[in-house]
Amino acid sequence: QLLGNQDHIKVELEKLKKTHDEQQQKLEERVLALGKELQEAKGAVGDSRHRLAEQSAVLLTSQGQLQEVEAENSRLQLRLKELNEEYRSRLARYLRDVANYMDSKPSSVTGHGKAPAGQAAMKNFVDSMLRDIRASYKSREEQLARAARGYKKRLKDLAKKHENLLIAYGLQREQIRSLGSSAMDCGPAELHFSITDPELLTNSSRELNRLREEKAKLEMQLQELQKVESSVASVAGLDLMSGHDPNELSCPRQLDEEGWAEVRKKLREFTLNTQEGLEQERSQLLTRAVVAEEQVSELQGYIDQHLAR
């Protein structure tokens, strides 16, 4: 019976082989389509990153121009304040000279000298007018000083939020680096987005920027070493294809990977601990700075009220 069914079995085998070939071809076509979609997605991601880099460059240029304009504006405001002070002093001197001249003139009444009742009338009027001018300028200066303190406080708050965002960004990069492959792009380093304005930098911010710079250098060295490791791995793969023992290369490579994982772990722990300590120190310094500003404001008010009197 088996010998009689050989033709049927051959037909079934041919059908199975044909079905297998069709499924294999469909699978290969699907793999090719997925590979093409992956390449297109990578290209889109690359274009997005390129546009993001261009926008970041434009943003940095705009920020630099804004800082220059703000510095020029501050210089002009300082010059305007100096000119106002000079103008006020000259005006007060001219008014006193006019008052003294008017008070020293003899009276127009025939046979009399200066009128005793109106001898210092002009001087008293000028002194009263100068007191009113000083009071108005003082109130305006106090208003501007309050606005400047509020502006500085908002700048400090923005700088603090920016530091918190940088810390969160650094943690996200470390998580992506620990979960993804070594070839995955985690974005630019934190140093690329750090604040460089010396007026907004505190001691803790400068220390954080220094640590970020060292971290960026270590990351560059790590990427170079990973490239060397990948080249060594490719050479090892060629040696395996040529007939060498795989156990001779797998053990050192495994040790290297474990060593690099330990180095990354220690580097991440060091960065997190250092950032946490610096953030605590920064919060303490900010608290002390706020208290000091309040004390300076109280002392300035006391000086303006009592010392001048």
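Since the structure is predicted, the reported quantities are computational estimates derived from the model, not experimental observations.

### Remarks on the overall build of the protein
Broken down by element type, the protein carries four helices and zero strands. Starting at the N terminus and walking to the C terminus, you meet the elements of the protein as α-α-α-α. By residue count, 13% of the 309 residues in the protein fall in the buried class. Sequence separation of at least 24 residues holds for 63% of the intrachain contacts in the protein that already meet a minimum separation of 6.

### Describing the pattern of salt bridges
Once their charged atoms are close, side chains differing in charge can pair, the charge on each being opposite to the other. Here the structure, examined in full by the defined rule, presents six salt bridges. Between Glu-72 and Arg-75 there is a salt bridge; the shortest N-O distance is 2.4 Å. Of this pair, Glu-72 and Arg-75 both sit in helix α1 (residues 6-104), three residues apart, roughly one helical turn. Between Glu-141 and Arg-88 there is a salt bridge, and its shortest N-O distance comes to 3.3 Å. Residue Glu-141 is located in helix α2 (residues 121-179), and its partner Arg-88 is located in helix α1; the two are separated by 53 residues in the primary sequence. Bridged by salt links that share partners, the residues Glu-85, Arg-88 and Glu-141 form one connected network.

### Let's talk about the packing of aromatic side chains
Evaluated as defined, the whole model comprises zero aromatic pairs. In this structure, Arg-88 packs its charged tip against the face of Tyr-137, placed 4.0 Å from the ring centre.

### Comments concerning the confidence of the model for the protein
Taken residue by residue, the protein gives an average pLDDT of 76. The fraction at 70 or more is 78%. Between the elements of the protein, mean pLDDT differs from a low of 69, seen in helix α3 (residues 203-242), to a high of 87, seen in α1.

### Quick look at the packing of α1 against α2
Where α1 contacts α2, the axes come no closer than 9 Å and their chain directions differ by 170°. What the angle tells us is that α1 and α2 run roughly antiparallel. Viewed along their axes, α1 and α2 form a crossing whose handedness is left-handed. Contacts between α1 and α2 involve Glu-70, Glu-85, Arg-88, Ala-92, Leu-95, Arg-96, Val-98, Ala-99, Asn-100, Met-102 and Asp-103 from the first element and Ala-121, Met-122, Lys-123, Val-126, Met-129, Leu-130, Arg-134, Tyr-137, Glu-141 and Tyr-151 from the second.

### Brief notes about the side chain of Arg-88
Classification of Arg-88 as buried rests on a relative accessible area of 18%. Polar side-chain contacts of Arg-88 include one of 2.6 Å to the side chain of Glu-85. What Arg-88 contacts, discounting residues up to four positions off in sequence, is Tyr-137 and Glu-141.

### Describing α2
The terminal C-alpha atoms of α2 lie 87 Å apart, and with 59 residues this matches the ideal 87 Å at 1.5 Å per residue to within 8%. For α2, every residue scored as buried is listed here: Val-126, Leu-130, Ala-159, Glu-163, Leu-166, Ile-167, Gly-170, Arg-173 and Glu-174.

### Some details on a nonpolar patch on the surface
Residues Ile-9, Leu-13 and Leu-16 make up a contiguous nonpolar surface patch of about 300 Å² in total accessible area. Counting through the fold element by element, Leu-13 comes out in helix α1. What makes Leu-13 exposed here is its relative accessible area of 51%.

### Let's talk about the environment of Gln-143
When you line up the elements, Gln-143 lands in helix α2. Classification of Gln-143 by relative accessible area gives partly exposed; the value is 42%. Separated by 3.2 Å, the side chains of Gln-143 and Arg-140 make a polar contact.

### With respect to α1
An ideal rise of 1.5 Å per residue puts 147 Å on 99 residues; α1 measures up with 143 Å between its terminal C-alpha atoms. Those residues of α1 not exposed but buried are Ser-56, Arg-88, Ala-92, Ala-99 and Asp-103. Those residues of α1 that are buried are in contact with α2.

### Points about the environment of Ser-297
Take Ser-297: it is sitting in helix α4 (residues 247-307). With 151 residues separating them along the chain, Ser-297 and Arg-146 place their C-alpha atoms 9.6 Å apart.

Cut-offs used in this document
- Sequence positions are assigned chain by chain, starting from 1 and proceeding in written order.
- Reporting of local features is limited, given that this is a predicted model, to residues whose pLDDT is at least 70; pairs of side-chain atoms are given and counted only at 80 or more, and all residues count toward the totals for whole chains, interfaces and linings.
- Only hydrogens and water are removed before side-chain values are computed, so all heavy atoms of the structure are retained for them.
- Strands are runs of DSSP state E lasting at least two residues, helices are runs of H or I lasting at least four, and both sets are numbered from the N terminus onward.
- Note on exposure labels: buried denotes an accessible area under 20% of the residue type's maximum, exposed denotes more than 50%, and partly exposed covers the range between, all computed with a 1.4 Å probe on protein chains only.
- When checking whether two residues touch, look at their non-hydrogen atoms; a contact exists if any pair is within 4.5 Å.
- Put simply, a salt bridge is a Lys or Arg side-chain nitrogen that is within 4 Å of an Asp or Glu carboxyl oxygen.
- The aromatic pairing rule takes the rings of Phe, Tyr and Trp, using the six-membered ring of Trp, and pairs them if the centres are within 6.5 Å, calling planes under 30 degrees apart stacked, those over 60 edge-to-face and the rest tilted.
- In this scheme, the term charge over a ring applies when either NZ of a lysine or CZ of an arginine sits within 6 Å of the ring centre and within 35 degrees of the ring normal.
- Confidence per residue, as judged by the predictor, is encoded in pLDDT with a range of 0 to 100.
- In this description, a line fitted to the C-alpha atoms serves as the axis of each element, helices being fitted only across the stretch in contact, and the angle between N-to-C directions of two axes falls anywhere from 0 to 180 degrees.
- Roughly parallel means an angle under 35 degrees; roughly antiparallel, over 145; roughly perpendicular, 65 to 115; everything else is oblique.
- By convention the crossing between two helices is left-handed if the near helix lies anticlockwise of the far one by an angle smaller than a right angle, and right-handed if it lies clockwise.
- Counting of polar contacts relies on pairs of N or O atoms within 3.5 Å, with two restrictions inside protein: one atom must be capable of donating a hydrogen and the other of accepting it, and residues adjacent in sequence are counted only when both atoms are side-chain atoms.
- Each residue after the first adds 1.5 Å to the expected span of a helix.
- Only residues above 30% relative accessible area that lack a salt bridge enter a patch, with like-charged residues linked at up to 9 Å and the nonpolar side chains Val, Leu, Ile, Met, Phe, Trp and Tyr linked at up to 5 Å.
- Each accessible area is a Shrake-Rupley estimate made with a 1.4 Å probe; only the visible protein chains count as cover when residues are assessed.

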